[in-house]
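Listed here are the chains, written in short residue letters.
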Amino acid sequence: IPGELAISAHLPIRWARVGSVTFEDQTKDNFAVDLDIRGYIHDTATLKNNVKTLANLDLNNWDATDLGDLVIMLDWMRDYPQEKESLKNVELHAKLGLRCPTGLEKDENKAFSIAFGNDGAWSIPFGLGLDLDFKSHISLGAEAEFEIIFDDTKDMRMKTEAHQTSFLMLNKGRATMDHGFLWKFYLYLQGFHFYKGLSLKTAYEYIKKDSDSLSPKSDGFNSGVANTARWLDEFYSHHVIFSVNYDFFKEFKSFKPQLSFYYKLPVAGKGVIAPDTIGGQLAVSF
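Residues numbered from 1 in each chain as written. Predicted model: local features only at pLDDT ≥ 70, side-chain atom pairs only at ≥ 80, totals over all residues. Heavy atoms only, no water.

### Side note on the side chain of D212
By the secondary structure assignment, D212 is in the loop between β11 (198–209) and β12 (213–216). Polar side-chain contacts of D212 include one of 2.7 Å to the backbone nitrogen of G180. Setting aside chain neighbours within four positions, we find D212 in contact with M177, D178, H179, G180, N227 and L232. (Helix = DSSP H or I, 4+ residues; strand = E, 2+ residues; numbered from the N terminus. Polar contact = N/O pair within 3.5 Å; in protein donor to acceptor, adjacent residues only side chain to side chain. Contact = heavy atoms within 4.5 Å.)

### A look at the environment of V18
Position of V18 among the secondary structure elements: in strand β2 (residues 13–18). For V18, a relative accessible area of 21% gives the class partly exposed. Non-local contacts of V18, meaning those with residues more than four positions away in its chain, are made with N61, W62, F112 and I114. (Buried < 20%, exposed > 50% of the residue type's maximum accessible area, 1.4 Å probe, protein only.)

### Some points on the pairing of strand β6 (residues 123–134)
Here strand β5 (residues 87–100) runs beside β6; their pairing, made up of 10 bridges, is antiparallel. Note that in β6 the partner of N89 across the bridge is D133. Inspection of the sheet shows β6 paired to strand β7 (residues 138–149) by 12 bridges, in the antiparallel sense. Considered in β7, the bridge of L130 is made with A142. (Pairing = 2+ DSSP bridges.)

### Describing the layout of surface pockets
Estimates place the volume of the second largest pocket at around 630 Å³. Considering the residues around the second largest pocket, the lining is formed by 20 residues, among which F23, I41, L47, T165 and L168 are closest to the centre. Looking at the lining of the second largest pocket, the elements that each hand over two or more residues are α1 (33–41) and α2 (44–55). (1 Å grid on protein atoms, 1.4 Å probe; cavity = no way out; pocket = protein on both sides within 12 Å on 5 of 7 lines; lining within 4 Å. Points joined across faces, edges and corners; volume = space filled by probe spheres on them.)

### Quick word on the confidence of the model for the protein chain
Predicted confidence across the protein chain gives a mean pLDDT of 92, with 100% of residues reaching 70 or more. Highest mean pLDDT in the protein chain belongs to β7 (97); lowest belongs to α1 (82). (pLDDT = per-residue confidence, 0-100.)

### A closer look at unusual backbone geometry
Most of the time, phi is negative for any residue but glycine, and the peptide bond is trans. Unusually for a residue other than glycine, D119 sits at a positive phi of about 55 degrees. Considering the arrangement of structural elements, one finds D119 in the loop between β5 and β6. Assessed through its relative accessible area of 19%, D119 is described here as buried. Phi is positive for H193, which is not a glycine, with a value near 50 degrees. Summarising the element assignment, H193 is placed in strand β10 (residues 182–195).

### A short note on the nonpolar core
Ranked by size, the top nonpolar core spans 12 residues in total: A16, V21, L47, V51, A55, L57, L59, W62, A64, A111, F112 and F116. A total of 3 residues in this core trace back to one element, the largest contributor, which is α2. Among residues more than four places away in sequence, those in contact with L59 are V21, F23, L47, K48, V51, A111, F112, F167 and L168. Core analysis: the second largest hydrophobic core is formed by 9 residues, L214, F221, A229 and L232 among them. (Core = buried A, V, L, I, M, F, W, Y, C linked by side-chain atoms within 4.5 Å.)

### A short note on the pairing of β10
As paired strands, β7 and β10 are joined by 10 bridges and run antiparallel to one another. Within the sheet, the bridge partner assigned to A142 lies in β10 and is L187. With 11 bridges joining them, β10 and β11 adopt antiparallel strand pairing. Residue pairing across strands places Y195 opposite L198, the latter belonging to β11. Linking β10 to β11, which pair antiparallel, is a turn of 2 residues; within it K196 sits at a positive phi near 55 degrees.

Laid out in structure tokens, this is it:
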């Protein structure tokens, strides 16, 4: 096959926390039964105790440190040198992989538990990309990545009434999850090694996940009601990413350290928590 092939394996270790959880009673005094409801939820401690007793559902803070999903990826790339005055090289690349469900799954007995991956589902990520190298150390690139997530069947909490919140589902049953298609688009402009090993990059990222659907395996759940859960809806996000990277390749001979920092600015989104993010990494190549 013309070009270069590479295979890689990525197994992240993640930490996440949901804290400072409080509840506010918004029950209206319209009917006599509202007084009974207030008796169950009139303060946070009473609500947590009753939900735990009735449904074995924990409404307390949650945190975990565990593995994410293992991703094995096969990458292909090929350079096409150009003789034009401004354009120096065109690189095409493609990838195909397998995401294995090694990550922590959502704990159905903890309301604020978060899955560290695809929540037990296998998937196939794949993508295509194009990089253009111009003179004066300027690069421009685009990448489209997709992911097919396979159906999986397990016990999970489902809604039994359309007005239920996703954090107070008291009934649990077996169901098959039909996962939506995942889309990712990435566009960047980079000044590559314009001063020694220093590089600057500005990028735009768009991520979209199509809506999921549930197929309950028990007659005790109505499919139409179960699929009104908000966490099944599609979501998307738009981000602008600014990054700075320095390669110490010339300063070190036996090994090659790299240092980078980035700032991720949320622009728009639907159905997601999109905070401003600052991060970085230190990598060493031998």
